[in-house]
2 protein chains.
Amino acid sequence: MDPNLKPGNTKMRILDATAELFMRYGYTGTGLKQIVADANAPFGSLYHHFPGGKQELGVEVIHRSGAMYLELVTAVFDAAPDIVSGVHDCFDGAAEVLRATDYADACPIETVALEVASTNEPLRQATAEVFESWIEGAAERFRTAGIGDRTARELSISLIALLEGAFVLCRATRTTEALGAAGKTAAAAVEAALRHVAPESAQP
Amino acid sequence: MDPNLKPGNTKMRILDATAELFMRYGYTGTGLKQIVADANAPFGSLYHHFPGGKQELGVEVIHRSGAMYLELVTAVFDAAPDIVSGVHDCFDGAAEVLRATDYADACPIETVALEVASTNEPLRQATAEVFESWIEGAAERFRTAGIGDRTARELSISLIALLEGAFVLCRATRTTEALGAAGKTAAAAVEAALRHVAPESAQP
DNA sequence: GTCTATACTTTGATAGAC
DNA sequence: GTCTATCAAAGTATAGAC
């Protein structure tokens, strides 16, 4: 880890503030002035730490948020007694966070991903890399549970799609109904995949 | 239908242009100047037809795009020999459109929904109404096939979440892999629900 | 109703003093 | 490295001639 990124650091505060603003207002909706205001940083230091301006800051925030979210989900799975419980915990936990933050904090990169997909190639690539890391992170876990390569990847993609799609519905409707329904479907999909695993290698 | 909305109409052209721009660049990323330019309309007529400015235009576009997309999906299902085929056709068709438009045209309101969820209440409400209409439209079809009320709604929500989530992944990665995986999971979920339907009332 | 010109604000970005 | 002042451009919105 970069030792220059101590908490309380100016650069660090800028990164954290940007991550939170991106989650709520998206990339285009977040102004640099609002970022430095929230980070209690002078305007000039933003361009000192990120000479590439908003885009460079955006790329760094995407990668950072993506890595943190992966860690978070990994921790939830590690704490769960089995994979299916882990899936439930993820969706339930997301619903809890969403409610607690007045339906503001869902996925840290989803909004940005959609905004930049057709307009900003470096940012688009950053979001793609994050999603790929999530997919492979989940797939690895499913393979360890004995699920075949191809199924593991398809299953991972489907779970992430269910989560991201539910985030859209929940934030729009200001309810957690969608996360509940999607969580059920996700758990069922994992159970179905585990049912096809040879019993001796199964780790439910 | 409002007879004033003939094709070629100024108002109509503004609505169409805005819908397309929202899909690619989102709400914040779309400027009014760009809208009137794409619609071949003078700037003043935008505020003549939409006195409420960008927000009023946005609400109308959301409702319009939502209704059109519902019609489109309904037509796909009606043309399919059975429900499971209909699900496959939807995901396959979406993938085809995405590829044909260089990964630009996915869901007409998803990006906007995420952008405005925490910032613009009238727009947020419009997106919520559209999603609710989609959910109930799908649920109605599943109930007709004999699936119970509660399951029909949960299934509908999950399918829409899978589709919206896959859109994010596909646009970010510029591949259609996610729509393929999500489509498989969606079809499997419908099949599982149909398996629990009493045989005499089943309409597969 | 159509269209042009313009007002006002905010945006991302830069220069340069300290 | 920190911080202030300012720039040019783009944003939404309005006024008013035709």
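Basis of the calculations
- Residues numbered from 1 in each chain as written.
- Chains lettered and ligands numbered in written order.
- Predicted model: local features only at pLDDT ≥ 70, side-chain atom pairs only at ≥ 80, totals over all residues.
- Heavy atoms only, no water.
- Near = heavy atom within 4 Å.
- Polar contact = N/O pair within 3.5 Å; in protein donor to acceptor, adjacent residues only side chain to side chain.
- Helix = DSSP H or I, 4+ residues; strand = E, 2+ residues; numbered from the N terminus.
- Core = buried A, V, L, I, M, F, W, Y, C linked by side-chain atoms within 4.5 Å.
- Buried < 20%, exposed > 50% of the residue type's maximum accessible area, 1.4 Å probe, protein only.
- Contact = heavy atoms within 4.5 Å.
- Least-squares fit on C-alpha atoms with pLDDT ≥ 70 in both.
- Buried area = accessible area lost by both parts, 1.4 Å probe.
- Salt bridge = Lys/Arg side-chain N within 4 Å of Asp/Glu carboxyl O.
- Expected span 1.5 Å × (residues − 1).
- Axes fitted to C-alpha atoms, helices over the stretch in contact; angles between N-to-C directions.
- Parallel < 35°, antiparallel > 145°, perpendicular 65-115°, else oblique.
- Left-handed = near helix turned anticlockwise from the far one by under 90°.

**Details of the protein's contact with DNA strand D**
The local shell around DNA strand D holds 13 residues, among which Leu32, Lys33, Phe43, Tyr47 and Lys54 of chain B are the closest. Per the 4 Å cut-off to the protein, sugar and phosphate atoms form 52% of the nearby atoms of DNA strand D. At 2.7 Å, a backbone N or O of leucine 32 of chain B approaches a phosphate oxygen of DNA strand D. At a separation of 2.5 Å, a phosphate oxygen of DNA strand D approaches a polar side-chain atom of tyrosine 47 of chain B. Counting residues per element, the ones that place at least two in the surface near DNA strand D are helix H3 (43-49) of chain A together with helix H2 (32-38), helix H3 (43-49) and helix H4 (53-79) of chain B.

**Notes on the protein's contact with DNA strand C**
Lining the immediate surroundings of DNA strand C are 14 residues, of which Leu32, Lys33, Phe43, Tyr47 and Lys54 of chain A lie closest. Backbone atoms, meaning sugar and phosphate, make up 47% of the atoms of DNA strand C lying within 4 Å of the protein. Contact distances for DNA strand C include 3.2 Å between a phosphate oxygen and a backbone N or O atom of threonine 30 of chain A. The separation between a phosphate oxygen of DNA strand C and a polar side-chain atom of tyrosine 47 of chain A is 2.6 Å. Listed by contribution, the elements that provide at least two residues to the surface near DNA strand C are helix H2 (32-38), H3 and helix H4 (53-79) of chain A together with H3 of chain B. It is H3 of chain B that contributes the most residues to the surface near DNA strand C, five residues altogether.

**Examining the environment of leucine 194 of chain B**
Topologically, leucine 194 of chain B is positioned in helix H9 (residues 177-195). Measuring from C-alpha to C-alpha, the distance between leucine 194 of chain B and isoleucine 83 of chain B comes to 9.7 Å, with 111 residues separating the pair along the chain.

**Here we look at the nonpolar core**
Taken as a class, soluble globular proteins show a tendency for nonpolar side chains to be buried jointly. Leu179 of chain A together with Leu179 of chain B are the most contacted members of the largest nonpolar core, which has 140 residues in total. Residue contacts for leucine 179 of chain B: discarding those within four places in its chain leaves Phe91, Ala94, Ala95, Leu98, Leu163, Ala166, Phe167 and Cys170 of chain B.

**Structural notes on the relation of the copies chain A and chain B**
For the match of chain A to chain B, the screw axis carries a shift of 0.0 Å, the RMSD comes to 0.0 Å, and the turn is 180°. The two molecules are tied by a two-fold rotation axis, judged by turn and shift. Looking at the rotation axis and the C-alpha trace of chain A, the residue lying nearest is glycine 165 of chain A, at 2.0 Å. Of the residues that chain A buries at the interface, 100% are likewise interface residues in chain B, meaning the two copies contact each other through the same surface.

**A few points about the interface of chain A and chain B**
Interfaces are often described in size by the accessible area the parts lose on coming together. Listed by partner, the interface residues are 42 residues for chain A and 42 residues for chain B. When chain A packs against chain B, the two sides together hide about 3600 Å² of surface, and 67% of this comes from carbon and sulfur. Interface area lost by chain A to chain B is led by Leu114, Leu169 and Ala172 of chain A, which between them contribute 17%. Connecting chain A to chain B are four salt bridges. Between chain A and chain B we count 14 residue pairs in polar contact (both at pLDDT 80 or more) in total. Only helix H1 (10-25), helix H6 (110-116), helix H7 (121-144), helix H8 (149-173) and helix H9 (177-195) of chain A provide two or more residues apiece to the side of chain A that touches chain B.

**Notes on the side chain of serine 156 of chain A**
You can see serine 156 of chain A is positioned in helix H8. Discounting chain neighbours no more than four positions away, the residues touching serine 156 of chain A are Ile135, Ala138, Ala139 and Phe142 of chain A.

**Details of the pattern of salt bridges**
Side-chain pairs of opposite charge can arise whenever the charged atoms involved come near each other. In the structure shown here, the tally under the stated rule is 32 salt bridges over all chains. Among the ionic pairs, arginine 143 of chain B bridges to glutamate 140 of chain B, the shortest N-O distance being 3.6 Å. Taken together, the positions of arginine 143 of chain B and glutamate 140 of chain B, both in helix H7 (residues 121-144) and three residues apart, correspond to about one turn of that helix. Between glutamate 154 of chain B and arginine 150 of chain B there is a salt bridge whose closest N-O contact spans 3.6 Å. Taken together, the residues span about one helical turn, with glutamate 154 of chain B and arginine 150 of chain B both in helix H8 (residues 149-173) at a distance of four residues. By relative accessible area, which is 60% here, arginine 150 of chain B ends up exposed. Through salt bridges with shared partners, a single network forms among Glu132, Glu136, Glu140, Arg143, Asp149 and Arg153 of chain A together with Glu177 of chain B.

**Some remarks on H7 of chain B**
Residues and elements named next belong to chain B. The end-to-end C-alpha distance of H7 is 34 Å, a good match for the 34 Å that 24 residues give at a rise of 1.5 Å each. Of the residues making up H7, those classed as buried are Leu123, Arg124, Ala126, Thr127, Ala128, Val130, Phe131, Trp134, Ile135, Ala139 and Phe142. Just downstream of H7 lies glycine 146, where phi reads positive at about 100°.

**Observations regarding unusual backbone geometry**
Its identity as a non-glycine residue notwithstanding, tyrosine 103 of chain A has a phi of 60°, on the positive side. Along the chain, tyrosine 103 of chain A turns up in the loop between helix H5 (83-100) and H6. One non-glycine residue, aspartate 102 of chain B, adopts positive backbone phi at about 60°. Take aspartate 102 of chain B: it is sitting in the loop between helix H5 (83-100) and helix H6 (110-116). Residue classification places aspartate 102 of chain B among the partly exposed residues on the basis of a relative accessible area of 48%.

**Considerations on H8 of chain B**
Residue and element names in this part refer to chain B. With 25 residues, H8 ought to run about 36 Å at 1.5 Å a step, and its terminal C-alpha atoms sit 36 Å apart, in line with that. Along H8, 21 of the 25 residues are buried, which leaves the element largely enclosed by surrounding structure. Phi turns positive, to about 55°, at arginine 174, one or two residues after H8.

**Regarding the packing of H5 of chain A against H9 of chain A**
Residues and elements named next belong to chain A. Relative orientation of the contacting elements H5 and H9 amounts to 165°, with a least axis distance of 9 Å. When the axes of H5 and H9 are compared, the pair comes out roughly antiparallel. Judged by the twist between their axes, the crossing of H5 over H9 is right-handed. Listed contacts from H9 to Ile83, Val84, Val87, His88, Phe91, Ala94, Ala95 and Leu98 of H5 are Leu179, Ala182, Gly183, Ala186, Ala187, Val190, Glu191 and Leu194.

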